[in-house]
Number of protein chains: 2
Amino acid sequence: MTTKILKPARLDYHDQNFIQQLEYLLAWENVSDAKVYDTVKEIITAVRRRGDWALLNYTRRFDRVSASSMNELIISKQQLHNALESISDEQRHALETAAARIRTYHERQVQESWSFKERNGTRLGQKVQPMDRVGLYVPGGQATYPSSVLMNAIPARVAGVEEIIMVVPTPDGVINDMVLAAAALAGVHKVFTIGGAQAIAALAYGTVTVPRVDKIVGPGNSYVATAKREVFGQVGIDMIAGPSEILVVCDGLTDPDWIAMDLFSQAEHDEDAQAILVSDNLEFLHEVDYCMNHLVQGLERSEIIKASINNRGALIHVPNLKAACDVVNRIAPEHLELSVANPEALLPDIRHAGAIFMGRHTAEALGDYCAGPNHVLPTSGTSRFSSPLGVYDFQKRSSLIHFSDKGASEMGKVASVLARGESLTAHARSAEFRIKK
Amino acid sequence: MTTKILKPARLDYHDQNFIQQLEYLLAWENVSDAKVYDTVKEIITAVRRRGDWALLNYTRRFDRVSASSMNELIISKQQLHNALESISDEQRHALETAAARIRTYHERQVQESWSFKERNGTRLGQKVQPMDRVGLYVPGGQATYPSSVLMNAIPARVAGVEEIIMVVPTPDGVINDMVLAAAALAGVHKVFTIGGAQAIAALAYGTVTVPRVDKIVGPGNSYVATAKREVFGQVGIDMIAGPSEILVVCDGLTDPDWIAMDLFSQAEHDEDAQAILVSDNLEFLHEVDYCMNHLVQGLERSEIIKASINNRGALIHVPNLKAACDVVNRIAPEHLELSVANPEALLPDIRHAGAIFMGRHTAEALGDYCAGPNHVLPTSGTSRFSSPLGVYDFQKRSSLIHFSDKGASEMGKVASVLARGESLTAHARSAEFRIKK
């Protein structure tokens, strides 16, 4: 056999330093480069001041396109439709199947307004409404993912957002038909071929051509991520994503080739991606190691996989599946595969994970495309406090408070005591005006 | 009559420049001071490196307390209980009434896990769980608000958060009994008398004494806000709040004294607070102006009110209530009072508002203390895309995907086409392994 090219770290739950080793393995920080930050600041200021003019100039410079007016950076509904007609039947069928399943799943997430009445006639509640207008960033160039268009746009549509504005840069004029076809299927309303920090600034503040949105979602490079962080507050944003991760828990009875390929399906994303296998079967960990070294050879993206597995991959031996759940909760992974006989039995012990793939047949890759749930998931341990992208990210709530005369009089007394306790006299007097004498 | 001391801006919906004037009036940016930013960075780094030692030193320096160990910066359960016993019966009753109403309202926001089964046996769903541990920042010094403790801690408790850690600085050793009493009532688990950026850093990264939390909520000064923005990603945070605002829509038939005092109840918060009245009755706008000038004289915080009303306050004349709703939606206010005969009739036209106070008797101040809904609301137009603090802010979701053999085989084909379209071969092969031959 040739020399092993993949050398994932080996950890053992019983090691005295296990926690430290695990923390070292997981360490990751989204550091923004100071240079990137300065450039982004400059771009945002220019787009705010000079609008379309700045947007057009940056797009010409960064994307090497020859547009002479913003009109040339708009993709018409007809072009989207043409793209949908131009792809193969097989591709169209796959996109349509995925879109339908994503829609069906997300329809379960729609939240409704509610209210209730108290005995004295006071009514309290919450009004739930969609946002008016949302911006969707789609990366151009090498990494153009039509699946990402579906995953971001469909929940917004299901929420009832009236207008979805998509931006996608077209470096050197290159456009991806699958991306446009996905936009047509997902019900995107307008597409501009702009990208980078300038596209984020245009969406956040609006220009004559690009309408201002209420929230910006979608992945992007470090300029895009930095710009999103910068405009947060002016508009809503989704999470700033870190590298992709998968954690597989296996009892040793799944085909090791399957598990090896599942690990690769995240490792191939990028060199910083993290793929970890946890098992109570030491022999199985050896087998998967062997299979990984065997299977990697045929893959196009073997160099990325190699970097990812050798820098951040790991095989972790645990005494039992209970301990595996403990490891899961410490990692709070983006993707968790429970490749065991009875995944339901482990579920109550799982506190933190973006998406849980249950049973030997549920490959994580199915979730990336067509299972139905969203593939935009919390990374880098953020599933401790955040959720998959969903319809709830495109709805917002307003509290409803309607006091009856009697209710206002009763509660006015309570508010008065508390307001005076906080030395807020105008608060107190405003409440006291409604107390019946 | 003496000279008018309050001079709110006067705007008219029919003015050609109305929109520009309105935008000028609303303009507000949360600019972080570069000096504050550098100090915060330094403090966070120090607390991450030196933990309790740094925390203790900063607390001694900034809060002028003489503690010689972290143990002296812990408030015991007994102290919380004692504080609750020490306040007056009237205050205790008011706090308990408020707490009970806040709890009842928020219990309606609890979200449950769900799942559904497809015909081929595939099960999809979402698991909803509380976060493990949450940090609550409570400002010390001048602005200590017991109501804020209730509003932040109770939703976390209702969500089922196991541990709520409160931090409150005690400058010069001063402790507010009402704040501690509120913490006792709200079910806070641990209290540390620390504050500023050092408290935020301790909660985000953990020290030997202060446990690391999953999310930090609660208001604070610019150091606290900057620190929260900085640790976002390591932990979750609530919104960074801008100055408080109220927008009152009135048909001219509410007592003008009531409306004047309602405007003051926000204006008294701080000099940057914004109070705006919109009415289709020009005569009424004059009356409220008169009442404001009359009422302001008796108030403790008249200087703050004067600054707020003269810099950022406004009286806006609109042709009708339909136009008033248009103004509401452009402003997207934190607090909206619909002081009209039939507020229900306007509700369908209201797109953006943090909380809606309906009818002449629903003073906004009731919502600050004891109506039930949360008083932590989106400011500065952010109600376009965000919601009141709620139980949903302390719950998080994990997608559940459990494919049957048959489902995995069918969907494997779809995923394979899409993955190959994106040149992600390992994704494709991982899915293809599950296709039945």
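As named in an unreviewed UniProt entry, chain A is Histidinol dehydrogenase, taken from Endozoicomonas euniceicola. Taken verbatim from the UniProt record of chain A, the Sequence similarities (unreviewed entry) comment is "Belongs to the histidinol dehydrogenase family." Chain A has a UniProt comment under Function (unreviewed entry) that states "Catalyzes the sequential NAD-dependent oxidations of L-histidinol to L-histidinaldehyde and then to L-histidine."

S.K.: I tried to follow the relation of the copies chain B and chain A on my own but got confused; where do I start?
M.R.: Superposition of the two copies of the chain requires a rotation about an axis and a shift along the axis. Here chain B sits on chain A after a turn of 180 degrees about the axis and a move of 0.0 Å along it, with an RMSD of 0.0 Å. Here the two chains are linked by the operation of a two-fold rotation axis. Counting the interface residues of chain B, we find that 100% of their copies in chain A are interface residues as well, pointing to one common contact surface.

S.K.: What am I meant to see in the packing of aromatic side chains here?
M.R.: Ring pairs (aromatic) are described by centroid distance and by the angle formed between their planes. According to the stated counting rule, one finds nine aromatic pairs over all chains in the structure shown. Between A:Tyr13 and A:Phe18, the aromatic rings sit 5.4 Å apart at their centres with planes inclined by 55 degrees, giving tilted as the arrangement. For A:Phe18, a relative accessible area of 3% corresponds to the buried category. Members of the aromatic cluster, connected to one another through ring pairs, are A:Tyr105, B:Trp114 and B:Phe116. Over the ring of B:Phe116 we find A:Arg108, and its NZ or CZ is 3.8 Å from the ring centre.

S.K.: In this structure, what is going on with the packing of helix α3 (residues 77-86) of chain B against helix α6 (residues 177-186) of chain B? I would like to understand it.
M.R.: Packed helix pairs are characterised by how far apart their axes lie and by the angle those axes make with each other. Residue and element names in this part refer to chain B. Following both chains from N to C, one finds α3 and α6 inclined at 115 degrees, their axes separated by 8 Å at the closest point. What the angle tells us is that α3 and α6 run roughly perpendicular. Our pair here, α3 against α6, has a crossing hand that is left-handed. Note on element contacts: α6 touches α3 through Asp177, Leu180, Ala181, Ala183, Ala184 and Leu185, opposite Leu80, Ala83, Leu84 and Ser86. Residue classes in the contact of α3 with α6 are distributed as eight nonpolar, one polar and one charged.

S.K.: I keep staring at the UniProt feature "binding site: NAD(+)" (unreviewed entry) in chain A and nothing clicks. Help me out?
M.R.: Residue and element names in this part refer to chain A. In this structure's numbering, the residues bearing the UniProt feature "binding site: NAD(+)" (unreviewed entry) are Tyr137, Gln198 and Asn221. Maximum C-alpha separation among the annotated residues is 12.8 Å over a sequence range of 85 residues, consistent with a single clustered spot. Structurally, Gln198 is set in helix α7 (residues 196-205). What Gln198 contacts, discounting residues up to four positions off in sequence, is Ile43, Val47, Leu55, Tyr58, Thr59 and Phe62. By secondary structure assignment, the location of Asn221 is in the loop between β8 (215-217) and α8 (222-231).

S.K.: I tried to follow the packing of helix α2 (residues 34-63) of chain B against helix α8 (residues 222-231) of chain B on my own but got confused; where do I start?
M.R.: Residues and elements named next belong to chain B. For the pair α2 and α8, the least separation of the axes is 9 Å and the interaxial angle reads 60 degrees. It follows from the interaxial angle that α2 and α8 lie oblique. Both α2 and α8 take part in a crossing whose hand is right-handed. Of α8, the residues touching α2 (which contributes Val36, Tyr37, Thr39, Val40, Lys41 and Ile44) are Ser222, Tyr223, Thr226, Ala227, Glu230 and Val231. The class makeup of the residues in the contact of α2 with α8 is seven nonpolar, three polar and two charged.

S.K.: Just to check I follow, could you spell out helix α5 (residues 146-159) of chain B for this structure?
M.R.: In an α-helix, one turn spans 3.6 residues; hence positions three or four apart end up facing the same way. Residue and element names in this part refer to chain B. Over its 14 residues, α5 runs 20 Å from end to end, which matches the ideal 20 Å to within 8%, given 1.5 Å per residue. Burial within α5 is extensive, with 13 of its 14 residues counted as buried. With its phi angle positive at about 100 degrees, Gly160 sits one or two positions after the end of α5.

S.K.: So what exactly am I meant to see when it comes to the interface of chain B and chain A here?
M.R.: In many reports, interface size means the accessible area that the parts give up when they come together. Taken together, the contacts link 120 residues of chain B with 120 residues of chain A. Where chain B abuts chain A, roughly 10900 Å² becomes buried across the two surfaces, and 57% of that area is made up of carbon and sulfur atoms. Counting across the chain B and chain A interface gives ten salt bridges. One salt bridge in this structure joins B:Glu344 and A:Arg123, with 2.4 Å as the shortest N-O distance. Where chain B packs against chain A, one counts 76 residue pairs in polar contact (both at pLDDT 80 or more). At ten residues, the largest contribution of residues to the side of chain B that touches chain A is made by helix α15 (residues 405-421) of chain B. Across the side of chain B that touches chain A, the residue classes tally to 56 nonpolar, 35 polar and 29 charged. Bridge analysis of strand β14 (residues 355-358) of chain A against strand β15 (residues 395-402) of chain B gives three bridges, and the strand direction is parallel. Each bridged residue has a counterpart across the sheet, and for A:Phe357 the counterpart in β15(B) is B:Ile401.

S.K.: Any chance you could explain the pattern of salt bridges here in plain terms?
M.R.: When the charged atoms of two side chains with opposite charge come close together, those side chains can pair. Following the criterion strictly, the structure yields 39 salt bridges over all chains and no others. For the salt bridge of A:Asp238 with A:Lys228, the shortest nitrogen-to-oxygen distance reads 2.6 Å. Taken as a pair, A:Asp238 in the loop between β9 (236-237) and β10 (245-250) and A:Lys228 in helix α8 lie far apart in primary sequence, ten residues in all. In this structure, A:Asp238 and A:Lys228 share a single accessibility class: buried. B:Glu432 is paired through a salt bridge with B:Arg420; the nearest N and O atoms lie 2.9 Å apart. With B:Glu432 in helix α16 (residues 425-432) and B:Arg420 in helix α15, this pair connects stretches of sequence that are twelve residues apart. Three or more residues are tied together by salt bridges with common partners; here these are A:Lys4, A:Arg10 and A:Asp289.

S.K.: Before we go on, may I ask you to explain the environment of A:Lys436 in this structure?
M.R.: In this fold, A:Lys436 is placed in the segment after α16 (425-432). Sequence spacing of A:Lys436 and A:Glu410 is 26 residues, and the spatial spacing of their C-alpha atoms is 8.6 Å.

S.K.: It is not clear to me how the sheet that holds β9(A) should be interpreted in this structure. Could you clarify?
M.R.: Paired through backbone hydrogen bonds, the strands of a sheet run either parallel or antiparallel to each other. Residue and element names in this part refer to chain A. Here six strands make up an open sheet; going across it, the order is β2-β7-β6-β5-β8-β9 and the pairing mixed. The open sheet has two edge strands with one neighbour each: β2 (74-75) and β9. Of the pairings in the sheet, the one linking strand β5 (residues 133-137) to strand β6 (residues 163-167) comprises five bridges and is parallel in character. Bridge pairing in β6 links Gly135 to Ile165. Packed on one face of the sheet, α8 meets β5, β8 and β9 and runs near 160 degrees to β8.

S.K.: Help me understand the state of the cysteines in this model?
M.R.: One way to say it: the disulfide is the covalent bond shared by the sulfur atoms of two cysteines. Evaluation of the coordinates by the stated rule reveals zero disulfides over all chains. For the unlinked cysteine B:Cys291, the closest cysteine sulfur is that of B:Cys250, found at 11 Å.

S.K.: Looking at this model, I keep getting lost on the sheet that holds β10(A). Mind explaining?
M.R.: Taken in spatial order, the nine strands of this open sheet run β1(A)-β12(A)-β11(A)-β10(A)-β13(A)-β14(A)-β15(B)-β4(B)-β3(B), and their pairing is mixed. In this open sheet, the two strands that pair with only one neighbour each are β1 (9-12) of chain A together with β3 (114-117) of chain B. When the angles between neighbouring strand axes are averaged without regard to direction, this sheet yields 20 degrees. Relative to strand β13 (residues 335-339) of chain A, β10(A) is paired through five bridges, and the arrangement is parallel. Note on β13(A): the bridge partner recorded for A:Cys250 is A:Ser339. Helix-sheet contacts for helix α1 (residues 18-26) of chain A involve β1, β11 (274-279) and β12 (314-317) of chain A, and the interaxial angle to β1(A) is about 145 degrees.

S.K.: How should unusual backbone geometry be read in this particular structure?
M.R.: Only a minority of non-glycine residues have a phi that is not negative, and only a minority of peptide bonds are not trans. All names here are of chain A. Of note, Ser380 is a non-glycine position whose phi angle comes to about 55 degrees, a positive value. In this fold, Ser380 is placed in the loop between α14 (364-369) and β15 (395-402). Looking at Ser380, the relative accessible area reads 35%, which means it is partly exposed.

S.K.: Before we go on, may I ask you to explain the domain arrangement of chain A in this structure?
M.R.: As far as domains go, chain A holds domain 1 (9-26 + 242-371), domain 2 (34-237) and domain 3 (403-432). Here the C-alpha centroids of domain 1 of chain A and domain 3 of chain A sit 57 Å apart.

S.K.: Is there a simple way to explain the pairing of strand β12 (residues 314-317) of chain B in this structure?
M.R.: On any regular strand, side chains alternate: one points to one face of the sheet, the next to the other face. Residues and elements named next belong to chain B. Side-chain alternation along β12 places Ala314 and Ile316 on one buried face and Leu315 and His317 on a second face that is also buried. In this structure, strand β1 (residues 9-12) lies alongside β12, joined through four bridges in parallel fashion. If you follow Asp12 over to β12, its bridge partner there is His317. Relative to β12, strand β11 (residues 274-279) runs parallel, the two sharing four bridges. Counterpart to Ile276 in the pairing with β12 is Ala314.

Conventions adopted
- Residues numbered from 1 in each chain as written.
- Chains lettered and ligands numbered in written order.
- Predicted model: local features only at pLDDT ≥ 70, side-chain atom pairs only at ≥ 80, totals over all residues.
- Heavy atoms only, no water.
- UniProt positions renumbered as here; feature names shortened; annotations may be inferred.
- Least-squares fit on C-alpha atoms with pLDDT ≥ 70 in both.
- Contact = heavy atoms within 4.5 Å.
- Phe/Tyr/Trp six-rings, centres within 6.5 Å; stacked < 30°, edge-to-face > 60°.
- Buried < 20%, exposed > 50% of the residue type's maximum accessible area, 1.4 Å probe, protein only.
- Lys NZ or Arg CZ within 6 Å of the ring centre and 35° of its normal.
- Axes fitted to C-alpha atoms, helices over the stretch in contact; angles between N-to-C directions.
- Helix = DSSP H or I, 4+ residues; strand = E, 2+ residues; numbered from the N terminus.
- Parallel < 35°, antiparallel > 145°, perpendicular 65-115°, else oblique.
- Left-handed = near helix turned anticlockwise from the far one by under 90°.
- Nonpolar A, V, L, I, M, F, W, Y, C, P; charged D, E, K, R; others polar.
- Expected span 1.5 Å × (residues − 1).
- Buried area = accessible area lost by both parts, 1.4 Å probe.
- Salt bridge = Lys/Arg side-chain N within 4 Å of Asp/Glu carboxyl O.
- Polar contact = N/O pair within 3.5 Å; in protein donor to acceptor, adjacent residues only side chain to side chain.
- Pairing = 2+ DSSP bridges.
- Disulfide = S-S within 2.5 Å.
- Domains from an automatic or database assignment.

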